[in-house]
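Okay, here's what each chain looks like letter by letter:
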Amino acid sequence: MGHCYNSTVVDSSIENTWATMQDFHDMSWAEGVVTSAERIGDIPGTEIGAQRVLNGVFHETLQSVDGANYTFSYSIDDGPGPVASDVVDDYIGTVKLHPVTDTNQTLVVWTSSYKSNQEDAVAELCNPIYRALLAALKAHLAH
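Residues numbered from 1 in each chain as written. Predicted model: local features only at pLDDT ≥ 70, side-chain atom pairs only at ≥ 80, totals over all residues. Heavy atoms only, no water.

J.: Could you give an account of empty space enclosed by the protein, naming the residues involved and the relevant values?
T.: Picture a little ball the size of a water molecule; that probe, rolled over the atoms, points out where space is still empty. According to the stated counting rule, one finds 1 cavity of 30 Å³ or more in the structure shown. Roughly 30 Å³ of internal volume is contained in the largest cavity. Its residues placed into classes, the lining of the largest cavity shows 6 nonpolar, no polar and 2 charged. (1 Å grid on protein atoms, 1.4 Å probe; cavity = no way out; pocket = protein on both sides within 12 Å on 5 of 7 lines; lining within 4 Å. Points joined across faces, edges and corners; volume = space filled by probe spheres on them. Nonpolar A, V, L, I, M, F, W, Y, C, P; charged D, E, K, R; others polar.)

As structure tokens, this is what we get:
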């Protein structure tokens, strides 16, 4: 099983960071990384089953959301190259927020796991995207 792990500390309280990220359909904080976030269906972005298509190629579904513990997970159902539905199975991404109590900041941890015969190719595609998303979040919350 393949894995990705990326994290950053943002200069924002956990409550404010969660408020920014909790809506699966709202990627406005990811300026420069997500150029389009298309909502699919009628399920709200804060409810399990919400679907979106990012940048016209990443088809994702919200699998779990736990506001009390500041975490959500989603599947990539289809996408480009190594995350295409016929190449990768059981792709689950998870975002978990942790308070940094002495500075009122937030540790944001973005992980994923997946099954693929091309595990390295999946990581080579996804890790730079996660790093860019975390940098965009950090910049957004610094305002």
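J.: An account of the pattern of salt bridges is requested, with residue identities and associated values reported.
T.: A full pass over the atoms with the stated rule returns 2 salt bridges. A salt bridge links Glu 60 to Arg 52; its shortest N-O distance comes to 2.8 Å. Its relative accessible area of 5% is what places Glu 60 among the buried residues. The shortest N-O distance in the salt bridge between Lys 115 and Asp 90 comes to 3.1 Å. Of this pair, Lys 115 sits in strand β7 (residues 105-116) while Asp 90 sits in strand β6 (residues 88-100); the two residues are 25 residues apart in sequence, bridging distant segments of the chain. According to the relative accessible area criterion, Lys 115 is partly exposed, its value standing at 42%. Assessed through its relative accessible area of 49%, Asp 90 is described here as partly exposed. (Salt bridge = Lys/Arg side-chain N within 4 Å of Asp/Glu carboxyl O. Buried < 20%, exposed > 50% of the residue type's maximum accessible area, 1.4 Å probe, protein only. Helix = DSSP H or I, 4+ residues; strand = E, 2+ residues; numbered from the N terminus.)

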